[in-house]
Amino acid sequence: MNLLIQKTTKMKNLKFIKTNMMLAAAILTAGVTMSFKMAESKAADTAYYYNSEDMSEGAFHNVSNWTTSSSAGIGCVTSGFRPCRVNVPENSTLGDVLGSKDNEEVLNISVNRKSAP
């Protein structure tokens, strides 16, 4: 009788361990999956801000007139004569986005504007 109780107890313990191991594996799998999804969603556009007073033709597509520093976005308004911010998609460069656009074309893709210096 004692042997039967021990055997039943061992079976219950094994079943408990097996169930919990499966639950732990499921939670671990979900956690790993979520971490990859969060990493994917964090990879987003890069914001570049126009940080020059130069308004001459071609100045807006000159990549040296742009910075990723958000402090350069201070003073951005809905209308103005200079671009404020351009969003560059992942796997692209600022040069790809600006290309050889003229000032008006850069203003058209710009998010907000800056007033004249």
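Refer to the preceding data block for the structure.
The structure displayed is predicted, hence computed values, not measured ones.

> Could you give an account of the nonpolar core, naming the residues involved and the relevant values?
Core analysis: the largest hydrophobic core is formed by 11 residues, namely Tyr50, Ala59, Phe60, Trp66, Val86, Val88, Leu94, Val97, Leu98, Val106 and Leu107. Sorting the residues of this core by element identifies strand S3 (82-88), helix H2 (94-98) and helix H3 (103-109) as the ones contributing at least two each. With 3 residues, H2 is the largest single contributor of residues to this core. In contact with Val86, not counting residues within four places along its chain, are Thr46, Ala47, Tyr48, Trp66, Val97, Leu98, Ile109 and Ser110.

> I'd love a proper account of unusual backbone geometry, names of residues and values included.
Even without being glycine, Asn91 reaches a positive phi, approximately 70°. Within the element layout of this structure, Asn91 appears in the loop between S3 and H2. A positive phi angle, close to 65°, is found at Asn112, a residue other than glycine.

> I'd like a description of the state of the cysteines, backed by residues and values.
Scanning all chains against the criterion turns up 1 disulfide. The disulfide bridge from Cys76 ends at Cys84, spanning 1.5 Å between sulfur atoms. Looking down the S-S bond of the Cys76 and Cys84 bridge, the torsion is 60°, so its handedness is right-handed. Using a relative accessible area of 24% as the deciding quantity, one classes Cys76 as partly exposed. Accessibility expressed as a relative area gives 2% for Cys84, which makes it buried.

> Give me the pairing of strand S1 (residues 46-50): which residues, what numbers.
Here 4 bridges tie S1 to S3, and the two strands are oriented antiparallel to one another. Within S3, the position partnered with Tyr49 by the bridge is Arg85. With 2 bridges connecting them, S1 and strand S2 (residues 66-67) associate as antiparallel partners. Looking at the pairing, Tyr49 lines up with Thr67 of S2.

> Kindly report on a negative patch on the surface, identifying the contributing residues and their values.
A surface patch of negative charge is lined by Glu57, Asp102, Glu104 and Glu105. With respect to the helices and strands, Glu104 occurs in helix H3. On the basis of relative accessible area, Glu104 is assigned to the partly exposed category, the value being 49%.

Cut-offs and rules
Residues numbered from 1 in each chain as written. Predicted model: local features only at pLDDT ≥ 70, side-chain atom pairs only at ≥ 80, totals over all residues. Heavy atoms only, no water. Core = buried A, V, L, I, M, F, W, Y, C linked by side-chain atoms within 4.5 Å. Buried < 20%, exposed > 50% of the residue type's maximum accessible area, 1.4 Å probe, protein only. Helix = DSSP H or I, 4+ residues; strand = E, 2+ residues; numbered from the N terminus. Contact = heavy atoms within 4.5 Å. Disulfide = S-S within 2.5 Å. Pairing = 2+ DSSP bridges. Patch = residues over 30% accessible without salt bridge, like charges linked within 9 Å, V, L, I, M, F, W, Y side chains within 5 Å. Areas by Shrake-Rupley, 256 points an atom, 1.4 Å probe, with all protein chains shown as cover. Salt bridge = Lys/Arg side-chain N within 4 Å of Asp/Glu carboxyl O. Lys, Arg positive; Asp, Glu negative; His and termini not counted. Charge placed at Lys NZ, Arg CZ, Asp CG, Glu CD.

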